[in-house]
Amino acid sequence: MIRAENVWKIYGRGEAKTIALKNINLEIEEGEFVMIRGPSGCGKSTLLNILALLDVPTKGEVYYKGRKTSLMSENKKAIFRRKISGFIFQQFHLIKTLTALENVELPMILDEKDKYYRRKRAKKLLEMVGLENRLNHYPHQLSGGQQQRVAIARALANNPKIIFADEPTGNLDSKSGITVMEMLKELNEKGITIIMVTHEQELERYASKIIKLRDGEIIEIVKK
Amino acid sequence: MSILERRKDIGILKALGAETTDILAIFIIESGFLGLFGGVIGLILGILLAKGIEIVAHKMGYLMVNAYISYELIVGILAFSFLVGVISGYFPAKSGAKLNPIETLRGE
């Protein structure tokens, strides 16, 4: 489904050059629960961003369903982000001036869904993540765990095939973290491909494939 | 509402799959109406001030001092303030929309 071929990410030039990713080769199949794991600064978030088409490699190619993503126009990439993938951030990244319900509606507004449909779907998704009593709350009125659940509902708004999650439990207490992981597991069981970044070894039990990264290089790929 | 916060919002919108034209539309409409709103407030204050001066002047015997407020002036001011809003929204939105979402989100 997604394949990275000789992917490099290099920041700066000359003396200030830092290599974030070194010759990454990997393949992700539909339905997998992939965990990219490594210490902080190993390039795992950079790799996730590149796979999610939020960032571009310096060298190499990312293929989606056999097609070169470097040839995709900006609008085609926007369609990929909107319809095919959903992204969950460590810092939640909700829009602060919108309510929980409006935040979940946002991807559907961008996808030009009609108002009645998106209201109904946003409510259903917030209900699914256990926030039916928080529809009209603003992000600052919600706990971290609740904000992350809003972000999950938002990521699901347009029925994505793939969920990208960058340390989704990183800013949460352990109880909220487990809730979030259980939700991701459930989504994976429904057929959504999950690609997640973490530094926590204990989360590996959720994954079907673990990609271990160190200093920008893949050191091991474990399939379970 | 700082510029950095707005840049972050642009990054979020892009990550959610907004196209460049969506981002421009959102920010231009918003800043245009902010400009218009500012124009309306300025206009009200301006008219009140002018009329106030007129009243004071009349009381002091300067009957020639009259505040003259034409419809053209009102329309012109509102259109101009809307335009200033649109322009001040367009350029930052355009530069933000061009960046990749991760660069924009990093502005925290």
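Residues numbered from 1 in each chain as written. Chains lettered and ligands numbered in written order. Predicted model: local features only at pLDDT ≥ 70, side-chain atom pairs only at ≥ 80, totals over all residues. Heavy atoms only, no water.

Concerning the interface of chain B and chain A
- Contacts between chain B and chain A engage 19 residues on the former and 20 residues on the latter.
- At the boundary of chain B with chain A, total buried surface from both sides reaches about 1,800 Å², with 57% on carbon and sulfur atoms.
- Area buried by chain B at its contact with chain A is led by Leu 16, Glu 19 and Ile 102 of chain B, which between them contribute 31% of it.
- Where chain B meets chain A, there are two salt bridges.
- Salt-bridge contacts for Arg 82 of chain A lead to Glu 19 of chain B; the nearest nitrogen and oxygen are separated by 3.2 Å. (Contact = heavy atoms within 4.5 Å. Buried area = accessible area lost by both parts, 1.4 Å probe. Salt bridge = Lys/Arg side-chain N within 4 Å of Asp/Glu carboxyl O.)

Comments concerning the confidence of the model for chain A
- For chain A, per-residue confidence averages 94 on the pLDDT scale, and residues scoring 70 or more make up 100% of the total.
- When the elements of chain A are averaged for pLDDT, helix α6 (residues 174-189) of chain A gives the smallest value, 93, and helix α3 (residues 100-110) of chain A the largest, 97. (pLDDT = per-residue confidence, 0-100. Helix = DSSP H or I, 4+ residues; strand = E, 2+ residues; numbered from the N terminus.)

So, the packing of aromatic side chains
- By the definition in use, this model includes five aromatic pairs over all chains.
- With centroids separated by 5.9 Å and ring planes inclined at 75 degrees, the aromatic side chains of Phe 33 of chain B and Phe 82 of chain B adopt a geometry described as edge-to-face. With a gap of 49 residues between them, Phe 33 of chain B in helix α2 (residues 20-59) and Phe 82 of chain B in helix α3 (residues 71-98) connect regions that are remote in the sequence.
- Among the residues examined, Phe 82 of chain B registers a relative accessible area of 32% and is labelled partly exposed.
- On the basis of an interplanar angle of 85 degrees and a centroid distance of 5.0 Å, the ring pair of Tyr 90 of chain B and Phe 91 of chain B is categorised as edge-to-face.
- Residue classification places Phe 91 of chain B among the exposed residues on the basis of a relative accessible area of 54%.
- In this structure an aromatic cluster arises from ring pairing among Phe 87, Phe 89 and Phe 164 of chain A.
- Above the ring of Tyr 63 of chain A, the side-chain terminus of Arg 3 of chain A is found at 4.4 Å from the ring centroid.
- Looking at Lys 59 of chain A, its charged tip hangs above the ring of Trp 8 of chain A, at a distance of 4.7 Å from the centre. (Phe/Tyr/Trp six-rings, centres within 6.5 Å; stacked < 30°, edge-to-face > 60°. Buried < 20%, exposed > 50% of the residue type's maximum accessible area, 1.4 Å probe, protein only. Lys NZ or Arg CZ within 6 Å of the ring centre and 35° of its normal.)

Remarks on the side chain of Lys 44 of chain A
Residues and elements named next belong to chain A.
- Within the fold, Lys 44 resides in helix α1 (residues 44-51).
- For Lys 44, the side chain forms a polar contact with the main-chain oxygen of Pro 39, separated by 3.3 Å.
- Not counting residues within four places of it along the chain, the set of residues in contact with Lys 44 comprises Ile 36, Arg 37, Gly 38, Pro 39, Glu 167, Val 197, Thr 198, His 199 and Leu 213. (Polar contact = N/O pair within 3.5 Å; in protein donor to acceptor, adjacent residues only side chain to side chain.)

Quick word on the pairing of strand β6 (residues 85-88) of chain A
Residues and elements named next belong to chain A.
- Neither face of β6 is open: one carries Ser 85 and Phe 87, the other Gly 86 and Ile 88, and all of them are buried.
- Summarising the sheet, β6 and strand β7 (residues 162-166) pair through four bridges and their orientation is parallel. When the bridges of β7 are listed, Phe 87 appears paired with Phe 164. (Pairing = 2+ DSSP bridges.)

Here we look at the sheet that holds β7 of chain A
Residue and element names in this part refer to chain A.
- If you trace the six strands from one edge of the open sheet to the other, you get β6-β7-β8-β3-β9-β10, paired in mixed fashion. A single partner strand is all that each edge strand has here, and the edge strands are β6 and β10 (217-223). Neighbouring strand axes in the sheet, compared pairwise and without regard to direction, differ in orientation by 15 degrees on average.
- As defined by bridge partners, strand β3 (residues 33-37) adjoins strand β9 (residues 209-214) across four bridges and the pair is classed as parallel. (Axes fitted to C-alpha atoms, helices over the stretch in contact; angles between N-to-C directions.)

Brief notes about the sheet that holds strand β1 (residues 2-11) of chain A
Residues and elements named next belong to chain A.
- Taken in spatial order, the four strands line up as β2-β1-β4-β5 in an open sheet, and their pairing is antiparallel. The sheet is open, and its two edges are formed by β2 (18-28) and β5 (67-68), each paired on a single side.
- Pairing geometry for strand β4 (residues 59-64) and β5, over two bridges, is antiparallel. Directly across from Tyr 63, in β5, lies its bridge partner Lys 68.
- Packed on one face of the sheet, α1 meets β1, β2 and β4 and runs near 55 degrees to β2.

Some words on α6 of chain A
Residues and elements named next belong to chain A.
- With 16 residues, α6 should cover 22 Å at 1.5 Å per step; its first-to-last C-alpha distance of 22 Å lies within 8% of that length.
- Within α6, burial applies to Ser 176, Gly 177, Val 180, Met 181, Met 183, Leu 184, Leu 187 and Asn 188. Buried residues of α6 fall within an arc of 155 degrees about the axis and therefore sit on the same side. Structural note: α6 exposes Ser 174, Lys 175 and Glu 189 on the side pointing more than 90 degrees away from its buried face. (Expected span 1.5 Å × (residues − 1). Arc of directions from axis to C-beta.)

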